[in-house]
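Next come the chains, spelled out residue by residue.
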Amino acid sequence: MDLLLKEDSLLKSSYIPFYIFFFVTSIFLSTLIPLNKILIVISSLILVFLIFKFPEIGFSIFLLTGIVKGITQNFPIDFTLLIFILTSFSMLYKSVTRRYKIDLINKYVLFFFFFVSMLIISNLYTKSPNSGFLKTMRFSIFNSFLFLGGISIGFTKKTRIRFLKILHFMIFIYSLIYVYFLKGMIGMNFKELANYHMRLSLVGNPIGVGRIFSILSLISIICLFYEKNNYKKIFYILCTILGLIITISTNSRGPFFALIISILIYLFFFTKLNMKKIVYALILISLLFIIIFSLLPESLISRYKLFGNKEVHISKKQVSVFNTFIIRENYIKKSLAYLNENPEKLIFGVGLGGFSYIITNRDIRAYPHNIFVEIILELGIIGLVLFILPFLFLLNDFILTKNKINESEYGQIIFWIMLTVLFLLNAQVSGDINDNRLLWFFQGGVVGLILQYKKKKTYDIIK
């Protein structure tokens, strides 16, 4: 025993030089490098470790890059690319070691790559080669990464639940930051700004901000219908309120109406409540909307009353007058008019990025703010069919299997279906196929869940 204590004492004494070296080095580095940079380095190393251990964290951050990327402008590497690389390596390692599973031999993956092939081929005849090429590259790399990643995460119960929890928690924490700044804005005198339309956004486009925080509300509302713990219910109610306040305060009509429609679809088609309880739920949600609209300053909700009227927008750089509703309406009308006048373009479209040439006669990034119009104009009926068929397959598979899915699995698939619905609705009023990449991710999650369930049922039958 004494010998062991003696050896332990010697062992500890042998570490003394190491402790001294570490202490001296830490003091030396702290005098050369500012504390904030040291914290950034440490945080980055921790983040790399966590992403490599849990790819769901990487996917969650990647989905939020649109509203956090501005914070990382001084990074030596593009933040989106950095998270993409880290998460890709993590997923590849997990797949090779069989810790994560993915089914690549199925009709959904096949049609996705048919769609990608159509994008590539359309570059051969587009009149906007530069924007078409960039659009193709972005979709082929990032959307493929998200779609296949969604399948992999959705394929396993543990990963799909963990991802939703991580995403929900991240947006909740971010919502606290937004509410903190919103609190200061509400205290301002808005009478002098009565004619201006302010849109809450700390970093990123207000539309993107509205979309992300609508996720917080939608997930929380669905959780309320499944949660039995009263304390957790209070947390989900708080998350719902925070998500609604920020979504509404962005003054972005698209995310707001997409959220409302998604809530209605969920209540009427995916809850197992009777009509009386659904009416009660609608009354409570409506009262919540009324209270929030009543409390928020006029300038943060003014755009919900405007559709055909001119809008005065104020930003850090300029004040401008325009109407986004009329602009989008004209884009869609001109796109459909062009196809009507050039019916030969209906089959293969005008090529990726071709919308910009039709509208501006220039090779720039432009889009009609409606994913169906965008696809049929640039990729024709063939492209539109390749886009729509996977959704129809999913609907068919869900209808065929929903009565056989147990309650736990049914609750899981509803989250992914409703998030897919939310971003499909958003894609009708803003962005292009790359701006709406979250649609492909959540669609991939539904695909993974359906494939996993089918494989499990097949195995049970064989067994």
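All values reported here derive from a predicted model rather than from experimental measurement.

Thresholds, definitions, all that
Residues numbered from 1 in each chain as written. Predicted model: local features only at pLDDT ≥ 70, side-chain atom pairs only at ≥ 80, totals over all residues. Heavy atoms only, no water. Helix = DSSP H or I, 4+ residues; strand = E, 2+ residues; numbered from the N terminus. Buried < 20%, exposed > 50% of the residue type's maximum accessible area, 1.4 Å probe, protein only. Contact = heavy atoms within 4.5 Å. Areas by Shrake-Rupley, 256 points an atom, 1.4 Å probe, with all protein chains shown as cover. Phe/Tyr/Trp six-rings, centres within 6.5 Å; stacked < 30°, edge-to-face > 60°. Lys NZ or Arg CZ within 6 Å of the ring centre and 35° of its normal. Axes fitted to C-alpha atoms, helices over the stretch in contact; angles between N-to-C directions. Parallel < 35°, antiparallel > 145°, perpendicular 65-115°, else oblique. Left-handed = near helix turned anticlockwise from the far one by under 90°. Expected span 1.5 Å × (residues − 1). Bend = angle between axes of the 7 residues up to and from the residue. Polar contact = N/O pair within 3.5 Å; in protein donor to acceptor, adjacent residues only side chain to side chain. Patch = residues over 30% accessible without salt bridge, like charges linked within 9 Å, V, L, I, M, F, W, Y side chains within 5 Å. Salt bridge = Lys/Arg side-chain N within 4 Å of Asp/Glu carboxyl O. pLDDT = per-residue confidence, 0-100.

1. What to know about the overall build of the protein
A tally of helices and strands in the protein yields 18 helices and two strands. Considering the protein as a whole, with its 463 residues, one finds that 46% of them fall into the buried category. For the protein, restricting intrachain contacts to residue pairs at least 6 apart in sequence, the fraction spanning at least 24 positions comes to 77%. Of the roughly 24,700 Å² that the protein leaves accessible, carbon and sulfur atoms contribute 69%.

2. Some remarks on the packing of aromatic side chains
Under the counting rule described, the total for this entry stands at 42 aromatic pairs. Pairing Phe62 with Phe142 gives two aromatic rings, centres 5.7 Å apart and planes at 40°, and the pair type is tilted. On the criterion of sequence distance, the pair formed by Phe62 in helix 4 (residues 55-63) and Phe142 in helix 8 (residues 129-154) is long-range, its members being 80 residues apart. Accessibility assignment for this pair places Phe62 and Phe142 in one class, buried. Positioned above the aromatic ring of Phe393 is the side chain of Lys107, whose terminal nitrogen or guanidinium carbon lies 4.9 Å from the ring centre. Positioned over the ring face of Tyr410 is Lys272, at 4.7 Å from the centre of the ring.

3. Section: the packing of helix 14 (residues 324-341) against helix 16 (residues 371-401)
Orientation of helix 14 relative to helix 16, taken along the N-to-C sense of each, is 30°, at an axis distance of 10 Å. It follows that helix 14 is roughly parallel to helix 16 by the angle criterion. Between helix 14 and helix 16 the crossing geometry is left-handed. Contact with helix 14, carried on its side by Ile332, Ser335, Tyr338 and Leu339, involves Val373, Ile376 and Leu377 of helix 16 and no other residues of that element.

4. As for unusual backbone geometry
The phi dihedral of Asn251 is positive, around 60°, even though this residue is not glycine. In this fold, Asn251 is placed in the loop between helix 11 (230-249) and helix 12 (253-270). Assessed through its relative accessible area of 0%, Asn251 is described here as buried. In this structure, Asn361 is a non-glycine residue whose phi angle is positive, near 60°. Taking the relative accessible area as the measure of exposure, Asn361 reaches 53% and is therefore exposed.

5. Section: helix 16
Under the 1.5 Å per step criterion, the end-to-end length of helix 16 is only 29 Å for 31 residues, more than 12% shorter than the ideal 45 Å. The largest bend in helix 16 comes to about 130°, at Leu379. Sitting at the amino-terminal end of helix 16 is Asn370, which places a side-chain oxygen 3.1 Å from the backbone nitrogen of Phe372.

6. Describing a nonpolar patch on the surface
A cluster of nonpolar side chains, contributed by Leu264, Phe268, Phe269, Met275, Val279, Tyr280, Ile283, Leu284, Leu287 and Ile290, occupies part of the molecular surface with about 1,000 Å² of accessible area. Mapped by element, the contributors of at least two residues to the nonpolar patch are helix 12 and helix 13 (275-295). Element by element, the count of residues in the nonpolar patch is highest for helix 13, at seven residues. Here Leu264 is to be found in helix 12. The class for Leu264 is partly exposed, based on a relative accessible area of 34%.

7. Looking at the confidence of the model for the protein
Detailed conclusions should not be drawn from predicted coordinates in areas where pLDDT is low. Across the protein, pLDDT averages 84, with 81% of residues at or above 70. Mean pLDDT values over the elements of the protein span from 43, in helix 1 (residues 2-14), up to 96, in helix 7 (residues 107-122). Predicted confidence is poor over residues 1-12, with pLDDT under 50, and the contacts of this stretch with residues over four places away or in other chains come to zero contacts. Scored below 50 in pLDDT, residues 459-463 shows zero contacts in the model against residues more than four places distant or in partner chains.

8. A look at the pattern of salt bridges
Counted according to the given criterion, the structure contains eight salt bridges. Residue Arg162 is joined to Glu56 by a salt bridge in which the shortest nitrogen-to-oxygen separation is 3.2 Å. Here Arg162, found in helix 9 (residues 157-186), pairs with Glu56, found in helix 4; they are 106 residues apart in sequence, far enough to count as distant. Taking relative accessible area as the criterion, Arg162 reaches 23% and is therefore assigned partly exposed. Note that Glu378 and Lys135 form a salt bridge whose closest N and O atoms lie 2.8 Å from each other. Of the two residues, Glu378 sits in helix 16 while Lys135 sits in helix 8, which places them 243 residues apart along the sequence.

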